[in-house]
Amino acid sequence: MYYGVLSHTVGPLLRLLLRPRVEGRENIPAEGPFILASNHLSMADSFVLSPVIPRRLWWLARAEYFELPGPAGRAIRWAMFALGNVPIRRGPTRAAVRALEQMVGYLDAGGGVAIYPEGSRSPDGRLYLGRRGVAWLALKSGAKVVPVALGRTDQIIPLGTWRPRLNVRPTVRFGEPMDFSRYRDLPPGRARRVITDEVMDAIWKLSDLEWAGTLNPRADDE
C-alpha cells in the first residue's frame, strides 16, 4: 500500500526536482522477472532510479541504513521498508543468503529487483569490480539482468554530506537485458565470476566512468 502511494506522490516530485536524463528505458521488460544492476556513486542513486522505472522494484540495501539512530533513523527505516528495500549485510553470511533468497522469491513471482554489485558507494567516482550477488540471483532465478549506468549522482549528494544539490542533472542509461542461461552448466563459482564480470563490463561501457579494476575498498571482502 505504502509503495503505491509513495510512487504516485514522491516519485513525480523527485523527477521534477532531479530532472534526470534517461536513455534506453525501453530495455526494461514490460513484464516478467528482471534484475536491475547499477553502479553506485551516491546516496541519491535510488532516488534517481526508482522514479524513472515504470515497474515496482525491490531493492537490496545495506543493513546499516536500517539501523540509524534517533527519529531521523526511524523515519529512514520506515521509508526504506515502505519502498521495498530488503536489508542485507555484506559478506558470505547466513543473513546475506536469506536476503538474496528473499529477492529470488520476488523474481520467481515475476517481479523486478535491484542491486548495486559494487557493494558500496564508489569512494572516488570510478567503477569497481562487482560482488557475486547479482550472478547468484541470475543463476537461481533465470531472470535477465538489465545493466544501468548512473552519472553525476555523486554531485547531488557528495560523500560526507546529506544536503542535496538540486542544480545537477543526473544521467541514467539502461542497457539491453542480458541472458546468462548459457552458463548454467559451468561450475557455480566459475559461472558467478564470469557473469559478474560481464555485468560490470556492460555497466562500464554504458558509463563515462574510469575503470578501477579492483574491489571497492569501502565494501567488506567477500
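Rules used in this analysis
- Numbers given for residues are sequential positions, taken from 1 along each chain in its written order.
- Selection of residues for local features in this predicted model requires a pLDDT of at least 70, selection of side-chain atom pairs for listing and counting requires 80 or more, and totals for whole chains, interfaces and linings are taken over all residues.
- Side-chain numbers here rest on the full set of heavy atoms in the structure, without hydrogens or water.
- Working definition: with a 1.4 Å probe on protein chains only, accessible area under 20% of the residue-type maximum means buried, over 50% means exposed, and in between means partly exposed.
- Any Lys or Arg side-chain nitrogen located within 4 Å of an Asp or Glu carboxyl oxygen qualifies as a salt bridge.
- Counting from the N terminus, the helices are the DSSP runs of H or I reaching at least four residues and the strands are the DSSP runs of E reaching at least two.
- We call a set of buried Ala, Val, Leu, Ile, Met, Phe, Trp, Tyr and Cys residues a nonpolar core when their side-chain atoms join them within 4.5 Å.
- Any pair of residues with heavy atoms lying within 4.5 Å of one another is described as a contacting pair.

A.B. asks: Even after reading the chapter, I still don't get unusual backbone geometry, so can you show me in this structure?
C.D. replies: Across the chain, the bulk of peptide bonds are trans and the bulk of non-glycine residues have phi less than zero. Located in the positive-phi region is arginine 152, a residue other than glycine, with phi close to 70°. Owing to a relative accessible area of 36%, arginine 152 belongs among the partly exposed residues under this scheme.

A.B. asks: So what exactly am I meant to see when it comes to the pattern of salt bridges here?
C.D. replies: Opposite charge on two side chains allows them to pair when their charged atoms are near. In this structure the tally under the stated criterion is 6 salt bridges. One salt bridge connects aspartate 124 with arginine 126, and the closest N-O pair in it is separated by 3.1 Å. With a shortest N-O distance of 3.1 Å, arginine 193 and aspartate 197 are connected by a salt bridge. Taken together, the residues span about one helical turn, with arginine 193 and aspartate 197 both in helix H6 (residues 188–206) at a distance of 4 residues. Residues joined in a network through salt bridges with shared partners are Glu23, Arg173 and Asp208.

A.B. asks: Please clarify how the nonpolar core should be interpreted in this entry.
C.D. replies: Nonpolar side chains in soluble globular proteins tend to end up buried together. Formed by 34 residues in total, the largest nonpolar core has its most connected members in Ile35, Leu60, Leu137, Val145 and Phe180. Listing elements by their share of this core, those giving two or more residues are strand S2 (34–38), strand S3 (57–62), strand S4 (85–88), helix H4 (94–108), strand S5 (112–115), helix H5 (133–141) and H6. Per element, the largest residue contribution to this core is 7 residues, and it comes from H6. For leucine 60, the contacting residues outside a window of four places in its chain are Val86, Ile88, Ala99, Leu100, Met103, Ala114 and Ile115. Counting 22 residues, the second largest nonpolar core, distinct from the first, contains Ile28, Phe34, Leu49 and Ala114.

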